[in-house]
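# Geometric and topological summary
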Amino acid sequence: MRRRGGYRPPRRKQEDQHKINENIRVPEVRVVGDIEDLKIGVYKTKDALALAKENELDLVLITENAKPPVAKILDYKKFLYDQKKRQKEMKAKQTKVTIKEIRFGPNTDEHDYEFKKRHAESFLKDGSKLKAYVFFKGRSIVFKDQGEILLLKLAQDLEEFGKVEQMPKLEGKRMIMMMAPKK
């Protein structure tokens, strides 16, 4: 079977985000590091590189803009691993906000209201924000006050699970109220 499609160029090896070892193209660098017999100071780049090789480590350019640039002697692969690990931990600590919506009509029946209220309660318990709105179709816009009463009643019923972030507000054909879960 013949493969279709155009030419696909070969993948290039991903370049390192830091300049390391022979890729450092400055005459001298300020050397820092955690090795025992290292005197922190300004070295010629080739001397700093020789010192790194002697300890079986890498010379990594940390700050290019300094005068002279700062380079650190360390194990580059371990450094990258620790950096990825830290980024992963930071990403895990971030919380994503989910917004759940509940829609009412201006003349919603008591049973339907209770059913939707239980759903809203579970959403707030799960830590999601709640967007409750009353949708006015056609001429039902004359029942704006009933829609507002319905949303305020919902806010009062869910008082122990969440707090109102935005009071009922009419936006076009919808009256919207936002609630956030209590911590």
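We now turn to the structure provided with this report. Not measured: the values here are computed from a predicted model.

### Here we look at the overall build of the chain
Scanning the chain for helices and strands turns up 4 helices and 8 strands. Beginning at the N terminus, the succession of helices and strands in the chain can be written as β-β-α-β-β-α-β-α-β-α-β-β. Expected size for 183 residues packed as a compact globule is a radius of gyration near 16 Å; at 31 Å, the chain overshoots this value by more than 25%. Projected onto its principal axes, the C-alpha coordinates of the chain cover approximately 85 × 55 × 30 Å. Residues counted as buried form 31% of the 183 residues belonging to the chain. Pairs at least 24 residues apart make up 56% of the contacts formed inside the chain by residues separated by at least 6 positions. Just so you have it, the chain exposes about 14,100 Å², and 49% of that area is on carbon and sulfur atoms.

### What to know about the packing of aromatic side chains
On inspection of all chains with the given rule, the structure shows 2 aromatic pairs. Here Phe 104 and Tyr 113 contribute two aromatic rings whose centre-to-centre distance is 6.1 Å and whose plane-to-plane angle is 35 degrees, an arrangement assigned as tilted. Sitting over the face of the ring of Phe 104, Lys 116 holds its NZ or CZ atom 5.5 Å from the ring centroid. It is Arg 174 that lies over the ring of Tyr 133; its NZ or CZ is 4.1 Å from the centre.

### Observations concerning the nonpolar core
Phe 104, Leu 130, Val 134, Leu 151, Leu 154, Leu 158 and Met 177 are the most contacted members of the largest nonpolar core, which has 19 residues in total. When residues of this core are traced back to their parent elements, those giving at least two are β5 (99-104), α3 (110-125), β6 (129-135), α4 (144-157) and β8 (174-181). The contacts of Leu 151, once residues within four sequence positions are left out, are Phe 104, Ala 132, Tyr 133, Val 134, Pro 168, Met 175, Ile 176 and Met 177. Ranked by size, the runner-up nonpolar core spans 13 residues in total, among them Leu 49, Leu 51, Ala 71 and Ile 73.

### Observations regarding helix α1 (residues 45-54)
Those residues of α1 that fall on the buried side of the exposure criterion are Thr 45, Ala 48, Leu 49, Leu 51 and Ala 52. Within α1, the buried residues cover an arc of 160 degrees as seen down the axis, which keeps them to one side. In this structure, α1 carries Lys 46 and Glu 54 as exposed residues pointing more than 90 degrees from its buried face. Tucked inside the fold, the buried residues of α1 contact β1 (28-33), β2 (41-44), β3 (58-63) and β4 (70-74).

### Some remarks on unusual backbone geometry
Cis geometry marks the peptide bond from Lys 67 to Pro 68, where omega comes out at -15 degrees. Structurally, the position occupied by Pro 68 is in the loop between β3 and β4. For Asn 21, which is not glycine, the phi dihedral falls at a positive 45 degrees. In this fold, Asn 21 is placed in the segment before β1. Taking the relative accessible area as the measure of exposure, Asn 21 reaches 9% and is therefore buried. For Glu 56, which is not glycine, the phi dihedral falls at a positive 55 degrees. Assignment of secondary structure puts Glu 56 in the loop between α1 and β3.

### Overview of the sheet that holds β1
In space, the 4 strands of this open sheet follow the order β2-β1-β4-β3, with mixed pairing throughout. Each edge of the sheet is formed by a strand with only one pairing partner; in this case those strands are β2 and β3. Averaged over all pairs of adjacent strands, the angle between strand axes in this sheet comes to 45 degrees, irrespective of strand direction. Bridging between β1 and β2 involves 4 bridges; their strand directions are antiparallel. In the sheet register, Arg 30 faces β2, and the bridge partner there is Val 42. Strand contacts of α1: β1, β2, β3 and β4, with the helix running at about 100 degrees to β2, the strand carrying the most contacts.

Analysis parameters
- Residues numbered from 1 in each chain as written.
- Predicted model: local features only at pLDDT ≥ 70, side-chain atom pairs only at ≥ 80, totals over all residues.
- Heavy atoms only, no water.
- Helix = DSSP H or I, 4+ residues; strand = E, 2+ residues; numbered from the N terminus.
- Rg over C-alpha atoms; globule rule 2.2 N^0.38 Å.
- Buried < 20%, exposed > 50% of the residue type's maximum accessible area, 1.4 Å probe, protein only.
- Contact = heavy atoms within 4.5 Å.
- Areas by Shrake-Rupley, 256 points an atom, 1.4 Å probe, with all protein chains shown as cover.
- Phe/Tyr/Trp six-rings, centres within 6.5 Å; stacked < 30°, edge-to-face > 60°.
- Lys NZ or Arg CZ within 6 Å of the ring centre and 35° of its normal.
- Core = buried A, V, L, I, M, F, W, Y, C linked by side-chain atoms within 4.5 Å.
- Arc of directions from axis to C-beta.
- Pairing = 2+ DSSP bridges.
- Axes fitted to C-alpha atoms, helices over the stretch in contact; angles between N-to-C directions.

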